[in-house]
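# Inside the fold
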Amino acid sequence: MNAARVFRLRPGWRLQWEPAQGRHVLLYPEGMVQLNDSAGAVLGLVDGRRDLAAILSALGERFPEAETLADDVHEFLAEALAQGWIRDTEAT
Amino acid sequence: MMAPDTEHDVTPGPPLWLLAELTYRCPLQCPYCSNPLDFAAHRDELTTDEWRDVLRQSRALGAAQLGFSGGEPLVRDDLEALVAEARELGFYTNLITSGLGLDSARITALQAAGLDHIQISLQAADDDLAAAVAGAPRAHAKKLAMARAVKAAGYPMVLNVVLHRHNIDDIDRLIALCDELGADAVELATCQHYGWAQLNRAGLLPSRAQVEAAEAATGRWRERLAARGRDMRLLFVVPDYYAERPKACMGGWGSLFMTVAPDGAVLPCHSARELPMAFPTVREQSLAAIWQESAAFNRFRGDAWMSPTCRDCDERHHDYGGCRCQAYLLTGDPAATDPVCARSPDHGVIEAARDEAARDGRGLDGLVARNVRASRVFCRQ
């Protein structure tokens, strides 16, 4: 995955911390994706401005002990793209 | 017989969904409406301030998804104020509407209030059939215009079509219309039989062949859309009457979902008012007390209430015994196994209903339209 790629949440979708559930959720029309801690941490950095390199660098500072961080993030973002949760800002 | 599973936790988690039925008033008269038959008896709608309080209380309990529904929620002129309150509280706000009562000024006002999503219902692929279903001659053209305006304003848009024997054969034209309107998702929901739909069941239920053809057509559309790179999700809901196992209704009674009816009655689903039990209202108790402690919400939590058929079944934590409303409407016992289940001793009523529908030759004009006049008949019973 190219380090200069920039992602944003799908238009109309919203990432939000839910205290009652103790986790981040992705809210969309009539539905909700309940995210685990790492998915919430990655999507929290998907803002339409940071590129992949900046996301990896920010996560590296927060989780210095994570050994396979880059692979895990690549895999998660590819899945999030396939699921339609996020979009590549270059794509139409 | 196995002992009830006392290990199964019945302490409820937070309600994640609130359906706010703002009103039972509606300009349409669809004969499959899920509103209760006696809706005309419940005219004392919650005030704006009462709704604001419902929103605050339910958000504090953990609800994150909010549907404004009805009836037709646009009938309420405080809708924009309630959307603004809900959005401020952190709800994801969905407007579930016929599209009637919408205009460009209200679309702009709702957007300014922070509305996240609009779902519009369509009755058919063309004017004449739509008018016959909804009992409203000019509604269809207005809906199409509003769907285009909603997309032009930048909202995500889900289109909902209730399918029944009179429109299901038009599935290709229906999906093509939704595609042309720019829908992000389409719910092709074969009519479920509650409220007015149960009353009109024999004249609405499609044949198995119709359902199978429509599902196959939907599958072909999924492939076609994917080949074009068009991201329009198609959700096809098979009617319970052609299923072998019941649906996990509402994800379990009092588990995730809460409806507040126009007069403040709090229900575990929008059909539960048909059950022979009393539901507390927000005018009497807090939502927290109702959700956590009320007899109504605790009645079908866990599995101690289940019939032997369900209690001894290894799928009981998967489907929760099916739908309580359906069990009651079809057997008279709200704690019975949902007769949709092939293991139910009452499953014969499903087969009988399919046979009854196959013999029913009524056109749409032979069905009971959902309106105040017809509802008053049921208020007196």
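Parameters at a glance
- Residues numbered from 1 in each chain as written.
- Chains lettered and ligands numbered in written order.
- Predicted model: local features only at pLDDT ≥ 70, side-chain atom pairs only at ≥ 80, totals over all residues.
- Heavy atoms only, no water.
- 1 Å grid on protein atoms, 1.4 Å probe; cavity = no way out; pocket = protein on both sides within 12 Å on 5 of 7 lines; lining within 4 Å.
- Points joined across faces, edges and corners; volume = space filled by probe spheres on them.
- Helix = DSSP H or I, 4+ residues; strand = E, 2+ residues; numbered from the N terminus.
- Nonpolar A, V, L, I, M, F, W, Y, C, P; charged D, E, K, R; others polar.
- Phe/Tyr/Trp six-rings, centres within 6.5 Å; stacked < 30°, edge-to-face > 60°.
- Buried < 20%, exposed > 50% of the residue type's maximum accessible area, 1.4 Å probe, protein only.
- Lys NZ or Arg CZ within 6 Å of the ring centre and 35° of its normal.
- Patch = residues over 30% accessible without salt bridge, like charges linked within 9 Å, V, L, I, M, F, W, Y side chains within 5 Å.
- Areas by Shrake-Rupley, 256 points an atom, 1.4 Å probe, with all protein chains shown as cover.
- Salt bridge = Lys/Arg side-chain N within 4 Å of Asp/Glu carboxyl O.
- Lys, Arg positive; Asp, Glu negative; His and termini not counted.
- Charge placed at Lys NZ, Arg CZ, Asp CG, Glu CD.
- Pairing = 2+ DSSP bridges.
- Contact = heavy atoms within 4.5 Å.
- Axes fitted to C-alpha atoms, helices over the stretch in contact; angles between N-to-C directions.

### With respect to the layout of surface pockets
Approximately 1,600 Å³ is the volume found for the largest pocket. Only β1 (17-21), β3 (92-97), β4 (117-122), β5 (157-163), β6 (185-190) and β7 (233-237) of chain B provide two or more residues apiece to the lining of the largest pocket. Considering only enclosed or pocket space, the second largest pocket measures out at about 420 Å³ in volume. In terms of lining, the second largest pocket is formed by 23 residues, of which the most central are A:Trp13, A:Tyr28, A:Pro29, B:Asp184 and B:Ala185. By residue number, the principal contributor to the lining of the second largest pocket is β6(B), which donates 3 residues. The residue inventory of the lining of the second largest pocket, partitioned by class, reads 13 nonpolar, 3 polar and 7 charged.

### Things to note about the packing of aromatic side chains
The relation between two aromatic rings is expressed through the spacing of the ring centres and the mutual angle of the planes. Residue and element names in this part refer to chain B. Applying the stated criterion across every chain yields a total of 10 aromatic pairs over all chains. Between Trp196 and Phe378, the aromatic rings sit 5.7 Å apart at their centres with planes inclined by 85 degrees, giving edge-to-face as the arrangement. In this pair, Trp196 is assigned in helix α7 (residues 195-199) and Phe378 in helix α16 (residues 372-379), connecting sequence segments 182 residues apart. Comparing Trp196 with Phe378 shows no difference in burial state: the two are buried. The structure contains a cluster of three or more aromatic residues connected by ring pairs, namely Tyr24, Phe39, Trp196 and Phe378. Sitting over the face of the ring of Phe91, Arg59 holds its NZ or CZ atom 5.8 Å from the ring centroid. The ring of Trp291 carries the charged tip of Arg301 above its face, separated from the ring centre by 5.0 Å.

### Side note on a negative patch on the surface
There is a patch of like negative charges on the surface, built from A:Asp71, A:Asp72, A:Glu75 and A:Glu79. Residue placement: A:Asp71 occurs in helix α3 (residues 69-83).

### Some words on the sheet that holds β7(B)
Residue and element names in this part refer to chain B. Judged by pairing direction, the sheet is mixed, and its 9 strands sit side by side in the order β7-β6-β5-β4-β3-β2-β1-β8-β9 without closing on themselves. A strand with exactly one partner marks an edge of an open sheet, and here the two such strands are β7 and β9 (266-267). Relative to β7, β6 is paired through 5 bridges, and the arrangement is parallel. Residue pairing for β7: Val186 is matched across the bridge by Leu234. Against the sheet, helix α5 (residues 139-152) contacts β4 and β5, and its axis sits at roughly 160 degrees relative to β4.

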